[in-house]
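Okay, here's what each chain looks like letter by letter:
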Amino acid sequence: MARLAQTKCCIICGHEVFRPRPRDEAIPALAWRQRYRIVYQDIHHVTRLSGLASHRDSRGHSWYAPWDHDDTREYSGIANLPERESIRVMDYRSSSENHLRYGFPAHENCWILLQKVYSPTPVPYDMLFNVCKSLEGPEPDRILDWGHDYGGALLVTHGDRVEGRNVDDIRDTAGFFHRDPCSSDEIEGLLRQSSETPPSGAEVSLETSLLKDPLASLPSDVRFLVANLLPTADLNALRLASRAFYFIFHEQSYWALRFAPGGERDWLFEATGIAKSQKVDWRSLYKTTSQFERLPPRLRNRSRIWNLAKLIKDATPSSPIASVTRPSIFGPDCEFDVWAEVTSSQLDTTRSSEDRPKVELPRQKFQLPGPLEEIKAYFIRLGPSEFISGITFLMTSNRSRHIGYKSGSVRKLKLREDPIGFNIQLEYLGILSIQAVYSNGDISEWLGDGFCMPTTRRLVLHDRITAVEGVFDGCKLIKLSFSRHPPKTMEEEETMSKRKSSVFHSGIWYPEMPGITANLNEKHAMLPYDFYPTLKGEAVSGSRYLPLCFTRFGGRQILGSLSTIRGNLNTAFALTYESDDSSPLEESWPRGYGYRATEHPCFQIDGKGGERFVRAIFTIEGDLKPNEEPFIHGVLSSAILITDRGRECELCDYGQQYDGVFNTIELKLQPLETITGIYGVPGGMSLGIVSEKANDTPP
Ligand SMILES: [Zn+2]
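Residues numbered from 1 in each chain as written. Predicted model: local features only at pLDDT ≥ 70, side-chain atom pairs only at ≥ 80, totals over all residues. Heavy atoms only, no water.

Here's the deal with the overall build of the chain
Then step 1. Scanning the chain from terminus to terminus reveals 16 helices and 35 strands.
Then step 2. Per-residue burial over the chain gives 52% buried out of 699 residues.
Then step 3. For the chain, the computed accessible surface area is about 32800 Å², with 50% contributed by carbon and sulfur atoms. (Helix = DSSP H or I, 4+ residues; strand = E, 2+ residues; numbered from the N terminus. Buried < 20%, exposed > 50% of the residue type's maximum accessible area, 1.4 Å probe, protein only. Areas by Shrake-Rupley, 256 points an atom, 1.4 Å probe, with all protein chains shown as cover.)

So, in structure tokens, the structure goes:
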């Protein structure tokens, strides 16, 4: 673990710039990947790009780079320079005054490719620095990584599994990540292969087809322009459908444009220059570069890094946003408005701590006076997820309010009527998608991915929305709040406060939210109250991101065929169930936790014969004071589910080391209810029981 923890990776390609080596390992010859620049912030919070530096030695912990971009002295990591000239790399925790400069490294050759992608505009490295900071996690062994072959920026920890593969495995076996993306000999070789005399364009007679194919009557330069706007695969299809487009296939200028800036093969940008001195058969070059697997390894790495650089460009805002505070619009009428909020965990890392100064993040707050008609959200891709970077609220009479950035792609959601709130999907790094909720309980489609992500009802206010506030990091929305008018009656006030302190309403649920038929038995749930302070009646501010996993091992429909429950919450918060039905109903959960059902003990239940779970017994450690509630003040020691035949299924047993006082508590179900699921936090010694009315179960 220590190896990866200290490995520092290039922010563009994700491959190592620096890897600690054992003392006896020889220092290797300087390779392209040890020449780097650092995007850093100096002691006055000014962002700079360092001069060129190299790092071959693993023994030193400080990195040296000329502070000035134009400084032509090439510094080496082993140079005996004064400590004050160092830059702390990807480690903001250091409080030493000597290390007040800190930043993110990029290979010099990757930086050259990024400059090409941005050309003719310079790389906005101050914005890039902010994006990198936005991707940092709070754990010390987290590293910034731009996603290798996952397609974008991604934070990984040692041992993380991404799309079912171990990140370290991908690192070690990809085979070409260490190849220099700027080496020119492979490119020249490729061009030499394609520099034979280009074939002449075949003449195709159009006369016979003109009657049948109206496209043939278009002038050829118009047809050329049309073809140029199409992806190459579509042109190939069109060429088969209409002979009028056949000639394009032999048109060298068409294929040459594929390699021009903005074209699909623009990563081979040298081709345009070389073509001036020698004849290039562009069509043949297009064909040679078509199969990624058949490209020489350095070009494979270049194509990979080029695509990552494009993603970086898409995700990086072109200019910063400022806080908007208009106290005048929040007059006395709004003073008592009630706010609800969702916060990704990213906000935690920006909180001040002993060794980290507080960062002021831009906040934008607006009233939303009119009924909402449409919402437009901007999405940026970071690693496997798309995050919202900004939102525009369109109201009737053409008024609109925008919060945040306008970077990335934009998508719209037409609203059927003025909503009473929104369901929100979020994850550790930010907010993923939103869904309008209408007064009769109907919901809109998701604006965003909307697939199997932590989701919450927190922003459903059950009244019209009066104002919105967003908090943003360097590239995306990390906190979203809405407000409504204060309740008008005592009853309404009571309903609101009940909702706020219910886990059904305030929980962040994964992989899906519990439906209204699920009784969460909240009074008998051991929950992470630090993350859900309102459940204890404390203020919502400071509530943090922690999804509750929710699983039903059979709703009413499945109970009658349930045969096996497999799982143990000590090691993985997951249960699998099987049923006797002909359809395979096995469900592994929660997804993405690397849970393997076969490794866990199983409990056989005779669902077909009518056996049901009807009781739950918790054992709680702690010598509780008379008025203390065991589920808030105790520690969960064990939990078992008991069937109506008196058989016991053990869910967890944490208490082996404890020799103090135990409290045993039985969960009493509502009449006609049966246990159909559990919820809680993986590894968090937390547990809640889900029960449902089972009218169709035999008595
Ligand atoms: Zn790199």
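Description of the pairing of strand β15 (residues 363–367)
Then step 1. The two faces of β15 differ: Gln364 and Phe366 on one face are buried, but Arg363, Lys365 and Gln367 on the other face are not.
Then step 2. Inspection of the sheet shows β15 paired to strand β23 (residues 467–472) by five bridges, in the antiparallel sense. Each residue of the ladder has a partner; that of Gln367, found in β23, is Ala467. (Pairing = 2+ DSSP bridges.)

Here we look at the state of the cysteines
Then step 1. Scanning the entire structure with this criterion turns up zero disulfides.
Then step 2. Cys182 carries a free sulfur, and the closest cysteine sulfur to it, the one in Cys110, is 7.5 Å from it.
Then step 3. The exposure class of Cys182 is partly exposed, given its relative accessible area of 23%. (Disulfide = S-S within 2.5 Å.)

What about the sheet that holds strand β30 (residues 613–621)?
Then step 1. With antiparallel pairing, the four strands of this open sheet are ordered in space as β32-β31-β30-β33. The sheet is open, and its two edges are formed by β32 (648–653) and β33 (662–667), each paired on a single side. Across the sheet, the mean angle separating the axes of adjacent strands is 20° when strand polarity is ignored. (Axes fitted to C-alpha atoms, helices over the stretch in contact; angles between N-to-C directions.)

Quick notes on the coordination of the zinc ion
Then step 1. Taken together, the protein donors to the zinc ion comprise Cys10 (SG), Cys13 (SG), His107 (ND1) and Cys110 (SG), at separations of 2.0 to 2.4 Å.
Then step 2. Taken together, the four donor atoms coordinating the zinc ion and their angles of 98 to 120° define a geometry best described as tetrahedral.
Then step 3. Donor residues for the zinc ion sit on one chain with the sequence pattern C-x2-C-x93-H-x2-C. Each of the two residues, His107 as well as Cys110, counts as buried. (Donors = N, O, S within 2.8 Å, 3.2 Å for Na, K, Ca; no water. Tetrahedral: all angles 85-135°; square planar, octahedral: opposite > 155°, others 65-115°.)

Examining the packing of aromatic side chains
Then step 1. Scanning the entire structure with this criterion turns up 13 aromatic pairs.
Then step 2. Aromatic side chains Tyr254 and Trp255 sit 5.0 Å apart centroid to centroid with 85° between the ring planes, which places their arrangement in the edge-to-face category. Both residues of the pair, Tyr254 and Trp255, count as buried.
Then step 3. By way of ring pairs, the aromatic residues Phe224, Tyr254, Trp255 and Tyr286 are connected into one cluster.
Then step 4. The positively charged end of Arg457 is found above the aromatic ring belonging to Phe504, 3.9 Å away from the centroid. (Phe/Tyr/Trp six-rings, centres within 6.5 Å; stacked < 30°, edge-to-face > 60°. Lys NZ or Arg CZ within 6 Å of the ring centre and 35° of its normal.)

Regarding the packing of helix α2 (residues 108–118) against helix α11 (residues 297–315)
Then step 1. Put simply, α2 and α11 touch, their axes get as near as 9 Å, and they point 55° apart. With respect to their mutual orientation, α2 and α11 come out oblique. In this structure, α2 meets α11 at a crossing whose hand is right-handed. Along the contact surface, α2 presents Cys110, Leu113, Leu114, Lys116, Val117 and Tyr118, while α11 presents Arg302, Ile305, Trp306, Ala309, Lys310, Ile312 and Lys313.
Then step 2. Looking at side-chain class alone, the contact of α2 with α11 contains nine nonpolar, no polar and four charged residues. (Parallel < 35°, antiparallel > 145°, perpendicular 65-115°, else oblique. Left-handed = near helix turned anticlockwise from the far one by under 90°. Contact = heavy atoms within 4.5 Å. Nonpolar A, V, L, I, M, F, W, Y, C, P; charged D, E, K, R; others polar.)

Observations concerning the side chain of Thr619
Then step 1. Residue placement: Thr619 occurs in strand β30.
Then step 2. The contact partners of Thr619, leaving out residues within four places of it in the chain, are Val635, Leu636, Ser637, Ser638, Phe662, Asn663 and Thr664.

Side note on the side chain of Asp266
Then step 1. On the secondary structure map, Asp266 appears in the loop between α8 (252–257) and α9 (270–275).
Then step 2. You can call Asp266 buried: its relative accessible area is 6%.
Then step 3. Residue contacts for Asp266: discarding those within four places in its chain leaves Arg258, Phe259, Ala260, Pro261, Trp306 and Lys310.

A short note on the packing of helix α5 (residues 185–193) against α11
Then step 1. The interhelical angle for the contact between α5 and α11, taken along N-to-C directions, is 105°, at an axis separation of 8 Å. Classified by the interaxial angle, the pair formed by α5 and α11 is roughly perpendicular. Within the contact between the two elements, α5 uses Asp185, Glu186, Ile187 and Leu190 and α11 uses Pro297, Arg298, Leu299 and Arg302.
Then step 2. Split by residue class, the contact of α5 with α11 holds four nonpolar, no polar and four charged.

Quick look at the pattern of salt bridges
Then step 1. Here the structure, examined in full by the defined rule, presents 18 salt bridges.
Then step 2. Between Arg48 and Asp42 there is a salt bridge whose closest N-O contact spans 3.0 Å.
Then step 3. Look at Arg48 and you get partly exposed, because its relative accessible area is 37%.
Then step 4. Looking at Asp42, the relative accessible area reads 8%, which means it is buried.
Then step 5. Overlapping salt bridges bring together Asp606, Glu611, Arg645 and Arg647 as one network. (Salt bridge = Lys/Arg side-chain N within 4 Å of Asp/Glu carboxyl O.)

Describing a nonpolar patch on the surface
Then step 1. A contiguous nonpolar surface patch, about 240 Å² in accessible area, is contributed by Leu215, Leu218, Val222 and Val226.
Then step 2. Following the sequence through the fold, Val226 ends up in helix α6 (residues 220–229). (Patch = residues over 30% accessible without salt bridge, like charges linked within 9 Å, V, L, I, M, F, W, Y side chains within 5 Å.)

The values reported here are purely geometric and, on their own, carry no functional implication.
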